[in-house]
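If you want the building blocks of each chain, they are given just below.
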Amino acid sequence: MMDGIVIAAHGRHYLVHVEGERLHCVTRGKKSDIAVGDQVDIKRTSPDQGVIESFAERKTLLYRSDQFKSKLLAANVTQLFIVIATEPGFSDDLVSRSLVAAEAGGIAASLILNKTDVADLLPKARERVALYASLGYPVHEVSAKARPEDTVALLAPMLRDQSTILIGQSGMGKSSLINLLVPDADIATREISAALDSGKHTTTFTRLYQLADGNIIDSPGFQEFGLYHLSEGMLERAFREFQPFLGHCRFYNCHHLKEPGCAVLEGVHEGRIATQRHELYQQLVHESSQTIGY
Ligand code: GDP
Ligand code: ZN
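Residues numbered from 1 in each chain as written. Chains lettered and ligands numbered in written order. Predicted model: local features only at pLDDT ≥ 70, side-chain atom pairs only at ≥ 80, totals over all residues. Heavy atoms only, no water.

Caption draft 1: Layout of the coordination of the zinc ion (ligand 2). Around the zinc ion (ligand 2), the protein contributes the donor atoms Cys249 (SG), Cys254 (SG), His256 (ND1) and Cys262 (SG), which lie 2.1 to 2.4 Å from the metal centre. Viewed at the metal, the 4 donor atoms of the zinc ion (ligand 2) are separated by angles of 101 to 114 degrees, and the geometry they form is tetrahedral. Mapped onto the polypeptide sequence, the residues donating to the zinc ion (ligand 2) form the spacing pattern C-x4-C-x1-H-x5-C. (Donors = N, O, S within 2.8 Å, 3.2 Å for Na, K, Ca; no water. Tetrahedral: all angles 85-135°; square planar, octahedral: opposite > 155°, others 65-115°.)

As structure tokens, this is what we get:
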């Protein structure tokens, strides 16, 4: 048996980094319950192939949304970088959903505001990120294109000893940032793609890049986190600003939707909770009640 880390996953096929080599692995049976970032025990079956026998207990687990279900995205992530930019406009809905995924998963989250060189749009972007900063999420301003050295100097130390996943809507500059932070990212991607896909067609898949000290996870084509598996209790705890109000509602089993004497709704009326955040909470309660979860 050998210990390895899953660096890419495609269906039931996994690329596992083990003892300085990459092995193409499968799981036993029909299961595909392994995620990128999993620490696995493998048995080598040929010089470049193996079978995953088991995986270690996960420190954290993130899910992506797939046809109204939560599917495994990545294991053992310790921090989430949400990449947004001055232009094109970013979605508050996506930012807050990502923050909910991080909170529910016990993962630290930061916002990376890219393209700060677009000076005329910077004030507006700063105004919009102020909400997240007020909730205690760090906001880091960078410019991957105009100030690459400063960007690396700021972000690289934050990656040390961490397993960091970068997510963002397309056009925000996530690829530009990955290319700055991971030397030879393009080459690694081509190799991984060839090894997993055996040259058929390149699909998008989550991949993990190993740095000297830490990991970066990229999930091209990523749309949205899966939040369907979260219970109402988990959802209310995932909104940081709700916490001081919880336990003060008139009804102990208050859903914070329309109930009289709801302390959370009171917080919204007083402007201590942003309306857009409470609207998202309502939407997520609705979505998780519509589906079976996993
Ligand atoms: P992705 O879709 O998030 O991976 O974004 P890309 O990295 O492909 O970048 C999208 C576009 O934004 C490209 O044309 C980049 O050259 C541009 N871009 C990336 N970073 C910056 C930046 O800091 N400033 C400006 N002005 N443009 C940037
Ligand atoms: Zn309430």
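Still more ground to cover, so stick around.
Caption draft 2: Just the domain arrangement of the chain, in detail. In terms of domain boundaries, the chain breaks down into domain 1 (2-55), domain 2 (61-218) and domain 3 (232-288). One C-alpha centre belongs to domain 1, the other to domain 2; they are set 25 Å apart. The interface is formed by 19 residues belonging to domain 1 together with 18 residues belonging to domain 2. The largest share of the area that domain 1 buries against domain 2 comes from Ile7, His10 and Val36, three residues that together contribute 35% of it. (Domains from an automatic or database assignment. Contact = heavy atoms within 4.5 Å. Buried area = accessible area lost by both parts, 1.4 Å probe.)

Caption draft 3: Region of the structure containing the site of ligand 1. Around ligand 1, a shell composed of 15 residues is seen, among which Asp117, Gly171, Lys174, Ser175 and Ser176 lie nearest. At 2.8 Å, a backbone N or O of Lys174 approaches an oxygen atom of ligand 1. Summarising the interface, the protein chains cover 71% of the accessible area of ligand 1, which totals 580 Å² for the free molecule. In terms of residue class, the shell around ligand 1 is made up of 3 nonpolar, 8 polar and 4 charged. (Near = heavy atom within 4 Å. Polar contact = N/O pair within 3.5 Å; in protein donor to acceptor, adjacent residues only side chain to side chain. Areas by Shrake-Rupley, 256 points an atom, 1.4 Å probe, with all protein chains shown as cover. Nonpolar A, V, L, I, M, F, W, Y, C, P; charged D, E, K, R; others polar.)

Caption draft 4: Focus on the side chain of Thr164. Relative to the assigned elements, Thr164 resides in strand E11 (residues 163-168). For Thr164, a relative accessible area of 0% corresponds to the buried category. Other than its neighbours up to four places away in sequence, Thr164 contacts Gln79, Phe81, Leu159, Asn215, Ile216 and Ile217. (Helix = DSSP H or I, 4+ residues; strand = E, 2+ residues; numbered from the N terminus. Buried < 20%, exposed > 50% of the residue type's maximum accessible area, 1.4 Å probe, protein only.)

Caption draft 5: Highlighting the side chain of Asn215. Among the structural elements, Asn215 can be located in strand E13 (residues 214-218). With residues near it in sequence (within four places) discarded, Asn215 still touches Ile5, Gln162, Ser163, Thr164, Leu208, Tyr209 and Gln210.

Caption draft 6: Geometry of the pairing of strand E1 (residues 2-10). Most of E1 sits out of view: 7 of its 9 residues are buried. In this sheet, strand E4 (residues 39-46) lies alongside E1 in antiparallel orientation, the contact comprising 4 bridges. Across the sheet, the residue bridging to Met2 is Ile42, located in E4. In this antiparallel pair of consecutive strands, E1 and strand E2 (residues 13-18), the connection spans 2 residues, and Gly11 shows a positive phi of 60 degrees. (Pairing = 2+ DSSP bridges.)

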